[in-house]
Amino acid sequence: EDKVVQSPLSLVVHEGDTVTLNCSYEVTNFRSLLWYKQEKKAPTFLFMLTSSGIEKKSGRLSSILDKKELFSILNITATQTGDSAIYLCAVPMDSNYQLIWGAGTKLIIKP
Amino acid sequence: DGGITQSPKYLFRKEGQNVTLSCEQNLNHDAMYWYRQDPGQGLRLIYYSQIVNDFQKGDIAEGYSVSREKKESFPLTVTSAQKNPTAFYLCASSIVGLAGAGAKNIQYFGAGTRLSVL
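Calculation rules
Residues numbered from 1 in each chain as written. Chains lettered and ligands numbered in written order. Predicted model: local features only at pLDDT ≥ 70, side-chain atom pairs only at ≥ 80, totals over all residues. Heavy atoms only, no water. Pairing = 2+ DSSP bridges. Helix = DSSP H or I, 4+ residues; strand = E, 2+ residues; numbered from the N terminus. Axes fitted to C-alpha atoms, helices over the stretch in contact; angles between N-to-C directions. Buried < 20%, exposed > 50% of the residue type's maximum accessible area, 1.4 Å probe, protein only. Phe/Tyr/Trp six-rings, centres within 6.5 Å; stacked < 30°, edge-to-face > 60°. Lys NZ or Arg CZ within 6 Å of the ring centre and 35° of its normal. Contact = heavy atoms within 4.5 Å. Salt bridge = Lys/Arg side-chain N within 4 Å of Asp/Glu carboxyl O. Polar contact = N/O pair within 3.5 Å; in protein donor to acceptor, adjacent residues only side chain to side chain. Nonpolar A, V, L, I, M, F, W, Y, C, P; charged D, E, K, R; others polar. Disulfide = S-S within 2.5 Å.

### Focus: the sheet that holds strand β3 (residues 19-26) of chain A
All names here are of chain A.
Working step 1: Pairing is antiparallel across the open sheet formed by 5 strands, whose spatial order is β1-β3-β8-β7-β6. Since the sheet does not close on itself, it has two edges, and those belong to β1 (3-7) and β6 (56-58), each with one partner. The average undirected angle you get between the axes of adjacent strands in this sheet is 15°.
Working step 2: In this structure, β3 lies alongside strand β8 (residues 71-76), joined through 6 bridges in antiparallel fashion. Bridged to N22 within β8 is I73.

### Digging into the pairing of strand β9 (residues 85-92) of chain A
Residues and elements named next belong to chain A.
Working step 1: Of all 8 residues making up β9, 7 are buried, and the element is well covered by its neighbours.
Working step 2: With 5 bridges joining them, strand β4 (residues 33-38) and β9 adopt antiparallel strand pairing. Considered in β9, the bridge of L34 is made with A90.
Working step 3: Where β9 meets strand β11 (residues 105-110), 3 bridges bridge the pair, whose relative direction is antiparallel. Bridge pairing in β11 links Y87 to T105.
Working step 4: In this sheet, strand β10 (residues 99-101) lies alongside β9 in antiparallel orientation, the contact comprising 3 bridges. Looking at β10, one finds that V91 is bridged to I100.

### Focus: the packing of aromatic side chains
Working step 1: With the rule as written, the count across this model stands at 11 aromatic pairs over all chains.
Working step 2: The positively charged end of R68 of chain B is found above the aromatic ring belonging to F74 of chain B, 6.0 Å away from the centroid.

### Some words on the interface of chain B and chain A
Working step 1: Between chain B and chain A, the residue contacts involve 23 residues of the former and 19 residues of the latter.
Working step 2: Along the contact surface separating chain B from chain A lie 0 salt bridges.
Working step 3: The interface formed by chain B and chain A contains 5 residue pairs in polar contact (both at pLDDT 80 or more).
Working step 4: Listing elements by their share of the side of chain B that touches chain A, those giving two or more residues are β4 (31-37), β5 (43-51), β9 (87-94) and α1 (101-104) of chain B.
Working step 5: It is β5 of chain B that contributes the most residues to the side of chain B that touches chain A, 4 residues altogether.
Working step 6: In terms of residue class, the side of chain B that touches chain A is made up of 12 nonpolar, 9 polar and 2 charged.

### Things to note about the state of the cysteines
Working step 1: For the coordinates displayed, the defined rule picks out 2 disulfides over all chains.
Working step 2: There is a disulfide in this structure between C23 of chain A and C89 of chain A, and the S-S distance comes to 1.9 Å. Since a negative S-S torsion denotes a left-handed disulfide, the C23 of chain A-C89 of chain A link at about 70° is right-handed. Taken together, the positions of C23 of chain A in strand β3 and C89 of chain A in strand β9 put the pair 66 residues apart, joining distant regions of the chain.
Working step 3: Across the disulfide from C23 of chain B sits C91 of chain B; the S-S distance is 1.9 Å. Where C23 of chain B bonds to C91 of chain B through sulfur, the torsion about that S-S bond is close to -75°, and the disulfide is left-handed. Placement of the pair is C23 of chain B in strand β3 (residues 19-25) and C91 of chain B in strand β9, with a sequence separation of 68 residues.
Working step 4: With a relative accessible area of 0%, C23 of chain B lands in the buried category.

### Let's talk about the side chain of Q82 of chain B
Residues and elements named next belong to chain B.
Working step 1: Inspection of the secondary structure assignment puts Q82 in the loop between β8 (76-78) and β9.
Working step 2: Taking the relative accessible area as the measure of exposure, Q82 reaches 12% and is therefore buried.
Working step 3: At 3.1 Å, the side chain of Q82 and the backbone oxygen of E62 are in polar contact.
Working step 4: Looking at Q82, its side chain comes within polar contact range of the main-chain nitrogen of N84, at 3.0 Å.
Working step 5: If near-sequence neighbours (up to four positions away) are discounted, Q82 is found in contact with R13, R36, E62, G63 and Y64.

Fair warning: the whole summary comes from geometry, so function is off the table for now.
Quick look at the structure:
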């Protein structure tokens, strides 16, 4: 059965710390992996990764994919209170446009 | 402004009542999706539709119904058969047509509707 597993499920750090969020997957005919950030309401798209070893960056956020070991990490450096959110990862199913979602990592940044 | 609009933001359901959640998009996307989000469980797919007048059940369709009469609109009805409807409901859309394979996988979300039972 296809699955996406995120860890940790929750994380509390202080402002300025660096965090690493993990997403592992077992999906038939893997094509890509997506990261989203959900603050209070709508998840917003962060990154899509398709190739191993190529880092995607946006400001203090970066992400990389390892297709051999079947996981991705999302790094956030110099965290700020505005980074507090649930971070979701998802992988498209082989047969259609559905996404398989992880349970999310709830990140809390303390001032 | 292009986007996805969900209404209402908050909804209360009485015992035995059907309620309908609205989802409208002006992104000209072909596919639309309804998810349910419970604490600690991520997103679970209720229904999805790739074209007008066609839709498929997701993992947790029991107690829900949808229609897709227009490309822009994909309303979700929570029926009285859904015994535990309290949750956060999210609507999303994505491109299907001639977009590149990567773009088809990106879903864009509305702000959600929080449904509670009275």
